Amino acid sequence: MVQLVGSLRKELADSVSSCRVLVVGAGGIGCELLKNLVLTGFKNIEVIDLDTIDVSNLNRQFLFQKKHVGKSKAQVAKESVLQFCPEANITAYHDSIMNPDYNVEFFKNFMLVMNALDNRAARNHVNRMCLAANIPLIESGTAGYLGQVTVIKKGLTECYECQPKPTQKTFPGCTIRNTPSEPIHCIVWAKYLYNQLFGEEDADQEVSPDTADPEASWDPAQTAARAGASNQDGDIKRVSTKDWARSTGYDPVKIFNKLFKDDIMYLLTMDKLWKKRKAPQPLDWAVVQEMAYIQEEVSGQGLRDQQVLGVKGYAQLFCNSVETLRSQLAEKGEGAQLVWDKDDPPAMDFVTAAANLRMHVFSMNMKSRFDVKSMAGNIIPAIATTNAVIAGLIVLEALKILSGDLEQCRTKLLVPCALDPPNTNCYVCASKPEVTVKLNVHKTLVQSLQDKILKEKFGMVAPDVQIEDGKGTILISSEEGETDANNSKCLSEFGIRNGSRLQVDDFLQDYTLLVNLLHCEDLEKDVEFEVVGDAPDKAPPAPNVPEEDKNIANGNQDSALPSTSSKVPIEKDDVLIVDSDEEPSSSTMEAAVEMGGVKRKLEDVETGGAGSKRKRLFELPINDDDIIALD
């Protein structure tokens, strides 16, 4: 391979050779990017990726070969690149970028961060970490033949979360088959399963673990014993899923046990997968049938489609739908196929039941039939050529930044376009992040506020919530067990009413958000809350809060330039930089420090300043009956 460094002017070539860059992700885009970086002359590169190499990666991730299957993507990518550029200094991390070890101080070691991620949660988190670290980020992504590259710089451009993103519709095959982490992964798996059992079989839509995959480091002779699979209940064999199902007469109980017990037990033998992930829990049909009724209460009222059944309910729905689809297939005759249609009740019942059972196995909250139907969509294939083009554009944008020509950076879509300025309504990168939430304070539980609003909607990791009531009441604490007794109580029980304000801090992300609450009793059916446009004047100011304490700009104080203010001109020297990566990190000035179970801003740990997490000014009486156990 020919290096391109000779074509760069000397000043730029020196910058390229000396700067440290971080590449987050070593998959489709990451492989191409690493190759481009070393051939351009970048010498000091660090790459991080949690995943291991799957057989399905080999058609486009050219740094990997069949002999590498099961090994760390980051480590193998490093070794492969060093074969044609041995003078490069590459450090590989087989880890999650959301590990607290990769904090703001870690990010500040780099001049550039280049994103090669495949999921939104990691992008959101890294976006926030780099806002705090004040590092430029080059964000990228592909979907089939479409791709995008953009530069993010605080105070000058939009951050990753300034604009709402459409629902993600593309996912790696290994995630679908082995390590689902989101409900959509399970829904896609269930659609694949429908086609494998009743529709047109597609080798790229396999749903069972691959017995030939060497990722698991066990003795093959022990597989049967460790997985506990039986020939009677559906051992994992080298036959197609449809042929196996036919051999059982489409027995729903055998299919259930194979998918949710035997296959899961087999996955558990892949020890490497579960070292840093929560392991799945197998489901056995007989055990499910013995579950007490109280575990199977229906969540939600109203239409059947909007209810969430329990495990036992979905197991029965799975059984019924398999029997119905088996009859439909038999009526069509030998060799016939069914076509999945979201408007076909038996097909939709099957996908809903299978997806929810898999969600339960992988410790996710189950979804209603309505939610599953709305989330089911087409899967867009990954294209090697698109990855290569996007990786090339990333390097071009990096060269502009190193040349000091940030104004020449462009968002690359079908045609180049100028970078957009920050969104003045962004609740992440604004000078004083603020958002308004409409909900019913008499019905919304503290647990729902934490899980559904702060974590799921606003992407926080470990939020601390204080009510701005002049007393400093702590509603939610990120320290384990400190406020668990509050979880089952409604917000109104803490004096929260229309116009109340909450200050929410996530010390890991160095992120502070002011939440205005509007009480509403006429939300649409099955809607628990609604985020409305920024409305800071709809809620009264907090009592007894000094004016100087109200500036809660995210990131360090040097990064507190109000990027959305029209009153303060942005000078060239004042421009601040944003970076993004795959995992959460702590901030420069407010690094999440855990000492004795207490998380405080770094400067306050050192000085004992007032910025440490606020103490309760009064305690609510807690009865034993109020305490609930949380997993």
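Residues numbered from 1 in each chain as written. Predicted model: local features only at pLDDT ≥ 70, side-chain atom pairs only at ≥ 80, totals over all residues. Heavy atoms only, no water.

1. A closer look at the packing of aromatic side chains
Part 1 of the argument: Here the structure, examined in full by the defined rule, presents 17 aromatic pairs.
Part 2 of the argument: Ring geometry for W274 against F362: centres 6.5 Å apart, planes inclined by 45°, an arrangement best described as tilted. Linking W274 in the loop between helix 10 (252-268) and helix 11 (285-289) with F362 in the loop between helix 13 (345-361) and helix 14 (369-375), this pair joins segments that are 88 residues apart in sequence.
Part 3 of the argument: Look at W274 and you get buried, because its relative accessible area is 12%.
Part 4 of the argument: Taken together, the ring pairs connect W189, Y194, F198, Y250, F256, F260, W285, F318 and F350 into an aromatic cluster.
Part 5 of the argument: Its guanidinium or amino end placed over the ring of W244, K258 lies 5.8 Å from that ring's centre, counting from NZ or CZ.
Part 6 of the argument: The residue whose ring lies beneath R358 is W189, and the NZ or CZ to ring-centre distance is 4.3 Å. (Phe/Tyr/Trp six-rings, centres within 6.5 Å; stacked < 30°, edge-to-face > 60°. Helix = DSSP H or I, 4+ residues; strand = E, 2+ residues; numbered from the N terminus. Buried < 20%, exposed > 50% of the residue type's maximum accessible area, 1.4 Å probe, protein only. Lys NZ or Arg CZ within 6 Å of the ring centre and 35° of its normal.)

2. A look at the packing of helix 10 against helix 12 (residues 311-332)
Part 1 of the argument: Closest axis-to-axis distance for the helix 10/helix 12 pair is 9 Å, and the angle between their directions is 125°. Here helix 10 lies oblique to helix 12, going by the angle between them. Classified by chirality, the crossing of helix 12 by helix 10 is right-handed. Residues P252, I255, F256, L259 and F260 of helix 10 lie in contact with helix 12, whose contacting residues are A315, F318, C319, V322, E323 and R326.
Part 2 of the argument: A class-by-class count of the residues in the contact of helix 10 with helix 12 yields nine nonpolar, no polar and two charged. (Axes fitted to C-alpha atoms, helices over the stretch in contact; angles between N-to-C directions. Parallel < 35°, antiparallel > 145°, perpendicular 65-115°, else oblique. Left-handed = near helix turned anticlockwise from the far one by under 90°. Contact = heavy atoms within 4.5 Å. Nonpolar A, V, L, I, M, F, W, Y, C, P; charged D, E, K, R; others polar.)

3. As for helix 5 (residues 120-133)
Part 1 of the argument: Here helix 5 is 14 residues long and its end C-alpha atoms lie 20 Å apart, about the 20 Å a rise of 1.5 Å per residue gives.
Part 2 of the argument: Taken across its 14 residues, helix 5 has 12 buried, putting it largely inside the fold.
Part 3 of the argument: On its buried face, helix 5 sits against helix 4 (104-107), strand 4 (112-115), strand 5 (137-143), strand 6 (146-152) and strand 13 (511-519).
Part 4 of the argument: Here helix 5 starts with a cap whose side-chain oxygen sits 3.5 Å from the backbone nitrogen of A121, and that cap is N119.
Part 5 of the argument: Looking one or two places after helix 5, you find N134, whose phi comes out positive at around 65°. (Expected span 1.5 Å × (residues − 1). Polar contact = N/O pair within 3.5 Å; in protein donor to acceptor, adjacent residues only side chain to side chain.)

4. Some thoughts on the environment of N498
Part 1 of the argument: Relative to the helices and strands, N498 resides in the loop between strand 11 (473-476) and strand 12 (501-506).
Part 2 of the argument: Note: C-alpha distance between N498 and V441 (57 residues apart in sequence) is 7.9 Å.
Part 3 of the argument: Excluding anything up to four places from it in sequence, N498 contacts L517, L518 and H519.
Part 4 of the argument: Polar side-chain contacts of N498 include one of 3.0 Å to the backbone nitrogen of H519.

5. Comments concerning the pairing of strand 1 (residues 20-24)
Part 1 of the argument: In terms of burial, strand 1 is largely enclosed, as four of its five residues are buried.
Part 2 of the argument: Pairing geometry for strand 1 and strand 2 (residues 44-48), over five bridges, is parallel. Bridging across to strand 2, L22 finds its partner in E46.
Part 3 of the argument: Read as a crossover between parallel neighbours, the route from strand 1 over helix 2 (residues 28-40) to strand 2 is right-handed. (Pairing = 2+ DSSP bridges. Right-handed = clockwise from strand over helix to strand, strands pointing away.)

6. Looking at the nonpolar core
Part 1 of the argument: Membership of the largest hydrophobic core comes to 58 residues, with the highest contact counts inside it found for F260, F318 and F350.
Part 2 of the argument: Within the residue set of this core, elements represented by two or more residues are helix 7 (183-198), helix 9 (241-247), helix 10, helix 11, helix 12 and helix 13.
Part 3 of the argument: If you tally residues by element for this core, the top one is helix 7, at 11 residues.
Part 4 of the argument: Sequence-distant contacts of F318, that is, excluding residues within four places in its chain, are made with P252, I255, F256, L259, F260, F350, A353, A354 and L357. (Core = buried A, V, L, I, M, F, W, Y, C linked by side-chain atoms within 4.5 Å.)

7. Some details on the packing of helix 7 against helix 12
Part 1 of the argument: Relative to each other, helix 7 and helix 12 sit at 40°, their axes nearing to 11 Å. Classified by the angle between their axes, helix 7 and helix 12 sit oblique to one another. As helix 7 packs across helix 12, the resulting crossing turns out to be right-handed. Two secondary-structure elements touch here, helix 7 through Y194, L197 and F198 and helix 12 through V322, L325, R326 and L329.

8. Some remarks on the sheet that holds strand 14 (residues 529-532)
Part 1 of the argument: The six strands are arranged 11-10-12-13-9-14 in an open sheet whose pairing can be described as mixed. Of all the strands in the sheet, just strand 11 and strand 14 have a single pairing partner and so form its edges. Here the average twist between neighbouring strands, direction ignored, is 30°.
Part 2 of the argument: Pairing between strand 9 (residues 434-439) and strand 14: four bridges, direction antiparallel. Bridge pairing in strand 14 links T436 to V532.
Part 3 of the argument: Packing against the sheet, helix 16 (residues 446-457) makes contact with strand 9, strand 10 (464-467), strand 11, strand 12 and strand 14, and its axis sits at approximately 70° to strand 11.

9. Examining the environment of L402
Part 1 of the argument: The topology assignment puts L402 in helix 15 (residues 384-402).
Part 2 of the argument: The buried category is assigned to L402, whose relative accessible area is 14%.
Part 3 of the argument: In this structure, L402 is in contact with L12, S15, V16, C19, F42, M111 and L112, ignoring residues within four places of it in sequence.

10. Some thoughts on the UniProt feature "active site" (unreviewed entry) in the protein
Part 1 of the argument: Mapped onto this structure's residue numbering, the UniProt feature "active site" (unreviewed entry) falls at C174.
Part 2 of the argument: With respect to the helices and strands, C174 occurs in helix 6 (residues 173-177).
Part 3 of the argument: Not counting residues up to four positions away in its chain, the partners in contact with C174 are D54, S56 and T179. (UniProt positions renumbered as here; feature names shortened; annotations may be inferred.)

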